[in-house]
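What follows is each chain in one-letter form.
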Amino acid sequence: MIIGIPKEIKDNENRVALTPAGVKELKKRGHDIYVQASAGEGSGFTDEMYIKAGAKTLPAIQDVYGIAEMIMKVKEPIESEYGLIKKNQLLFTYFHFASSEQLTLAMIDSGSVCLAYETVEKADGSLPLLIPMSEVAGRMAIQQGAKYLEKPLKGRGVLLGGVPGVTPAKVLILGGGVVGTQAAKMAAGLGADVTILDLNLSRLRYLADIMPANVNTLMSNEYNIRELIPHAHLIVGAVLIHGAKAPHLITRDMLKEMKSGTVLVDVAVDQGGCIETCKPTTHQNPIYIIDDVIHYCVANMPGAVPYTSTLALTNATLPYALQLADKDWVRACKENRELALGLNVIQGEVVYEAVADAFDIKFTPMEKFLE
Ligand SMILES: NC(=O)c1ccc[n+]([C@@H]2O[C@H](COP(=O)([O-])OP(=O)(O)OC[C@H]3O[C@@H](n4cnc5c(N)ncnc54)[C@H](O)[C@@H]3O)[C@@H](O)[C@H]2O)c1
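Conventions adopted
All residue numbers refer to position in the chain's written sequence, counted from 1. Owing to the predicted nature of the model, reporting of local features is limited to residues with pLDDT of at least 70; listing and counting of side-chain atom pairs is limited to 80 or more, with chain, interface and lining totals taken over all residues. Hydrogens are left out, water is left out, and the side-chain values use all remaining heavy atoms of the structure. Under the pairing criterion, centres of Phe, Tyr and Trp rings, with the six-membered ring standing for Trp, must be within 6.5 Å; the plane angle then separates stacked pairs below 30 degrees from edge-to-face pairs above 60, leaving the rest tilted. The criterion is that NZ of a Lys, or CZ of an Arg, lies within 6 Å of the ring centre and within 35 degrees of the ring normal, and then a charge sits over that ring. Axis angles are defined between N-to-C directions and span 0 to 180 degrees, where every axis is a line fitted to C-alpha atoms and, for a helix, only to the segment in contact. Numbering of helices and strands runs from the N terminus, with a helix taken as a DSSP run of H or I at least four residues long and a strand as a DSSP run of E at least two residues long. Put simply, a crossing is left-handed when the front helix is turned counterclockwise from the back one by less than a right angle, and right-handed when it is turned clockwise. Contacts are assigned to residue pairs that have any heavy atoms within 4.5 Å of one another. Residues are grouped as follows: Ala, Val, Leu, Ile, Met, Phe, Trp, Tyr, Cys and Pro are nonpolar; Asp, Glu, Lys and Arg are charged; every other residue, Gly included, is polar. Patch definition: residues with relative accessible area over 30% and no salt bridge; like charges joined within 9 Å; nonpolar side chains (Val, Leu, Ile, Met, Phe, Trp, Tyr) joined within 5 Å. For the area figures, the Shrake-Rupley method with a 1.4 Å probe applies, and any residue is considered shielded solely by the protein chains shown. Salt bridges are defined as contacts in which a side-chain nitrogen from Lys or Arg sits within 4 Å of a carboxyl oxygen from Asp or Glu. Exposure categories follow from relative accessible area, calculated using a 1.4 Å probe and restricted to protein chains: below 20% of the type maximum is buried, above 50% is exposed, and the middle band is partly exposed.

A.B. asks: It is not clear to me how the packing of aromatic side chains should be interpreted in this structure. Could you clarify?
C.D. replies: The geometry of an aromatic ring pair is captured by the separation of the ring centres together with the interplanar angle, meaning the angle of the planes. The tally for this structure, following the rule as stated, stands at 6 aromatic pairs. Here the aromatic cluster, defined as three or more aromatic residues joined through ring pairs, consists of Phe 45, Tyr 50 and Tyr 307. The ring of Tyr 288 carries Lys 279 above its face, with NZ or CZ at 3.8 Å from the centroid.

Here you go:
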């Protein structure tokens, strides 16, 4: 198969969909890979590295879309790319269709096959191509929180781990899923006094078993949250209710109960945030302060560490990309239900029910195309 890797052109996006290691794997199986010049630069991969691994580089984005049977990307195509997409071309990338009617209609018009990273789903309901970015964001939440707790950055002036003779900082983590678990591990490793709150008792049991002694688990409810916030130095928002807006576990009035210089990192900002006063920020202006409480609410946290994020993402996408390239999308999806669930739009028809519902578009079951 001919595979194209365009350079990401969305604002501040430095990740790339395939590493030189991925090129080598695809090449070994007889596929041809065309990478747009400088596509890997933001993630530390030079054109020479891609060429050495067996890819060819092409100067312009039009060339890549023009030659490829499968396009692998990171972010959804933006408007200037719509016209480059060919009928029947396979696009394997994040789309997040339900948040953009314009994108959905454009992909329907293009006649392409859109296989979305975010809806590839395992039998246990987990989303293998979203997990790596949650892992990055969870770990980063503590790194950022520790930084903004420093006095010159307006924080309380507390070192997360304390020192011998001085108690460590108290870290509260709301939600013990992928983000919360990774955040807890990082905070615990630095020596902080960590509490994870979740509604799911089995999850709390699991976390209590695997976490070190400086991590406590607690049932998530308003009473417990109100008890803990006056003592917390860093609070991480990491809740998710699938397909819904995040609940506001920290309300506006609770800020008054917090110490001045407390840091809130609301990772759940992309689902509206679980802190009522959260509004999305960017890496250029990551924080704002309300009632002496620092709010860090960057919506694309992994974007700040593109090298790590690219490797984490491509570790997860490559096994699926190999199946798509080896078998073509129809056979690959027939033989692997996880991949089939990634299909959102096929040749002008919406085959993912939630996307069809979001914009009142006719839904066509994907099976029609997999016969
Ligand atoms: N800002 C970013 O850059 C970024 C990056 C990656 C992920 N995220 C977001 O982070 C959020 C968390 O993602 P995840 O992968 O950890 O999800 P997850 O599904 O693995 O975990 C969510 C957890 O929240 C718990 N929960 C639900 N309601 C709760 C409540 N009322 N109190 C306490 N816990 C509750 C669930 O039981 C679950 O354990 C999502 O909104 C995700 O989109 C943001």
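Following the structure, the description resumes.
A.B. asks: Explain the packing of helix H6 (residues 131-148) against helix H7 (residues 178-189) to me, please; I cannot follow it from the model alone.
C.D. replies: When two helices pack together, you describe them by how their axes are tilted relative to each other and by the distance separating the axes. Contact pair H6 / H7: the axes reach a minimum separation of 7 Å and the direction vectors enclose 40°. Every pair of crossing elements has a handedness; the one defined by H6 and H7 is right-handed. Within the contact between the two elements, H6 uses Ile 131, Ser 134, Glu 135, Gly 138, Arg 139 and Ile 142 and H7 uses Val 178, Val 179, Gln 182, Ala 183, Lys 185, Met 186 and Ala 187. Residue classes in the contact of H6 with H7 are distributed as 7 nonpolar, 3 polar and 3 charged.

A.B. asks: Is there a simple way to think about a nonpolar patch on the surface in this case?
C.D. replies: A contiguous nonpolar surface patch, about 280 Å² in accessible area, is contributed by Leu 159, Val 163 and Val 166. Relative to the elements of secondary structure, Val 163 occurs in the loop between H6 and strand S7 (170-174). Take Val 163: its relative accessible area is 45%, and that puts it in the partly exposed class.

A.B. asks: Is there a simple way to think about the pattern of salt bridges in this case?
C.D. replies: As enumerated under the stated definition, the model contains 17 salt bridges in all. For Arg 337, the salt bridge identified is with Glu 367, shortest N-O distance 3.5 Å. With Arg 337 in helix H11 (residues 337-340) and Glu 367 in the segment after helix H12 (353-359), this pair connects stretches of sequence that are 30 residues apart. Via salt bridges that share partners, Glu 8, Lys 73 and Glu 81 belong to a single interconnected network.

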